[in-house]
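So the chains spell out like this:
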Amino acid sequence: MKATRGNMLGAATSNNKVKYSRLAADDDGYIDLQFKKSQPKVPYKAIGLAIFLFMIGSSLIIFGALLLSGTIMVEHPDRTIPVIIIGVLVFLPGFYHLRIAYYAAKGYRGYSYDDIPDFGD
């Protein structure tokens, strides 16, 4: 016997014993829980790393400025510029993430802990 579309549909529906009920006319299919935003988790490790980067960067900038100004005597003063450059490169991401964390903690509009990477925690 060759399988036809009518035979296959008839076999599938005859074994189905599911009871269905009619939906309410005023139900649009959405529930309020879909639109509630949960409180974001505070990324403590990321904030700790931002504090660390901020402090190391600040220290390198201050140390490099003291080396460049001659307050701390060095044999090769031309090697102090990389200290300042590395200090700025380390300082900027730490300052940026600390600023976001501070504004999120204070509740400013547009700032959230979701904007800080949490490193998969």
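Residues numbered from 1 in each chain as written. Predicted model: local features only at pLDDT ≥ 70, side-chain atom pairs only at ≥ 80, totals over all residues. Heavy atoms only, no water.

**Student:** Is there a simple way to think about the nonpolar core in this case?
**Tutor:** Soluble, globular proteins show a tendency: their nonpolar side chains are buried together. Membership of the largest hydrophobic core is limited to 7 residues, which are Ala46, Ile47, Ile100, Ala101, Ala104, Tyr113 and Ile116. At 3 residues, the largest contribution of residues to this core is made by helix α3 (residues 81-106). Those residues in contact with Ile116 that lie beyond four places of it in its chain are Pro43, Ala46, Ile47, His97, Ile100 and Ala101. (Core = buried A, V, L, I, M, F, W, Y, C linked by side-chain atoms within 4.5 Å. Buried < 20%, exposed > 50% of the residue type's maximum accessible area, 1.4 Å probe, protein only. Helix = DSSP H or I, 4+ residues; strand = E, 2+ residues; numbered from the N terminus. Contact = heavy atoms within 4.5 Å.)

**Student:** Would you explain the packing of aromatic side chains in this entry?
**Tutor:** Centre-to-centre distance and the angle between the planes together describe a pair of aromatic rings. For the structure on display, the rule yields 5 aromatic pairs. Residues Tyr103 and Tyr108 carry aromatic rings whose centres are separated by 5.0 Å and whose planes lie at 70° to one another, so their mutual orientation is edge-to-face. Residue Tyr103 is classed as partly exposed on the basis of its relative accessible area, which comes to 25%. Since its relative accessible area comes to 42%, Tyr108 is described here as partly exposed. Look at Tyr103 and Tyr111: their rings are 4.8 Å apart centre to centre, the planes differ by 55°, and that puts the pair in the tilted class. Given the relative accessible area of 31%, Tyr111 is considered partly exposed. (Phe/Tyr/Trp six-rings, centres within 6.5 Å; stacked < 30°, edge-to-face > 60°.)

**Student:** Before we go on, may I ask you to explain helix α2 (residues 44-69) in this structure?
**Tutor:** Quick reminder: α-helices carry 3.6 residues per turn. Residues three or four places apart thus point the same way. For α2, spanning 26 residues, the distance from its first C-alpha to its last is 37 Å, which sits close to the expected 38 Å at 1.5 Å a residue. For α2, the complete set of buried residues consists of Ala46, Ile47, Ala50, Gly57, Ser58, Gly64 and Leu67. Among the structural elements, α3 are those in contact with the buried residues of α2. Immediately beyond the C-terminal end of α2, within one or two residues, lies Gly70, with a positive phi of roughly 95°. (Expected span 1.5 Å × (residues − 1).)

**Student:** Just to check I follow, could you spell out the packing of α2 against α3 for this structure?
**Tutor:** Pairs of packed helices are described in terms of their axes, by the angle between the two and the distance that separates them. Where α2 contacts α3, the two axes come as close as 7 Å, and the packing angle between them is 150°. Pair α2 / α3 crosses with left-handed handedness. Residue composition of the contact of α2 with α3, grouped by class: 21 nonpolar, 6 polar and no charged. (Axes fitted to C-alpha atoms, helices over the stretch in contact; angles between N-to-C directions. Left-handed = near helix turned anticlockwise from the far one by under 90°. Nonpolar A, V, L, I, M, F, W, Y, C, P; charged D, E, K, R; others polar.)

**Student:** What is the right way to read a nonpolar patch on the surface from this model?
**Tutor:** Among the surface-exposed residues, Ile62, Phe63, Leu66, Ile72 and Val74 lie close enough to one another that they form a single nonpolar patch of about 390 Å² accessible area. Residue position: Leu66 is located in helix α2. Using a relative accessible area of 32% as the deciding quantity, one classes Leu66 as partly exposed. (Patch = residues over 30% accessible without salt bridge, like charges linked within 9 Å, V, L, I, M, F, W, Y side chains within 5 Å. Areas by Shrake-Rupley, 256 points an atom, 1.4 Å probe, with all protein chains shown as cover. Salt bridge = Lys/Arg side-chain N within 4 Å of Asp/Glu carboxyl O.)

**Student:** What is the right way to look at the environment of Tyr103 in this model?
**Tutor:** Tracing the chain through its elements places Tyr103 in helix α3. Separated by 10 residues in sequence, Tyr103 and Tyr113 have C-alpha atoms that sit 9.2 Å apart. Residue contacts for Tyr103: discarding those within four places in its chain leaves Tyr108 and Tyr111.

**Student:** Would you mind showing me how to read α3 here?
**Tutor:** Taking 1.5 Å per residue as the helical rise, α3 with its 26 residues ought to reach 38 Å, and the 37 Å between its terminal C-alpha atoms agrees with that figure. Among all positions in α3, only Val83, Gly87, Val90, Gly94, Ile100, Ala101 and Ala104 are buried. The secondary structure elements touched by the buried residues of α3 are α2. A positive phi of about 85° marks Gly107, the residue just after α3.

The quantities given are spatial measurements derived from coordinates; they are silent on function.
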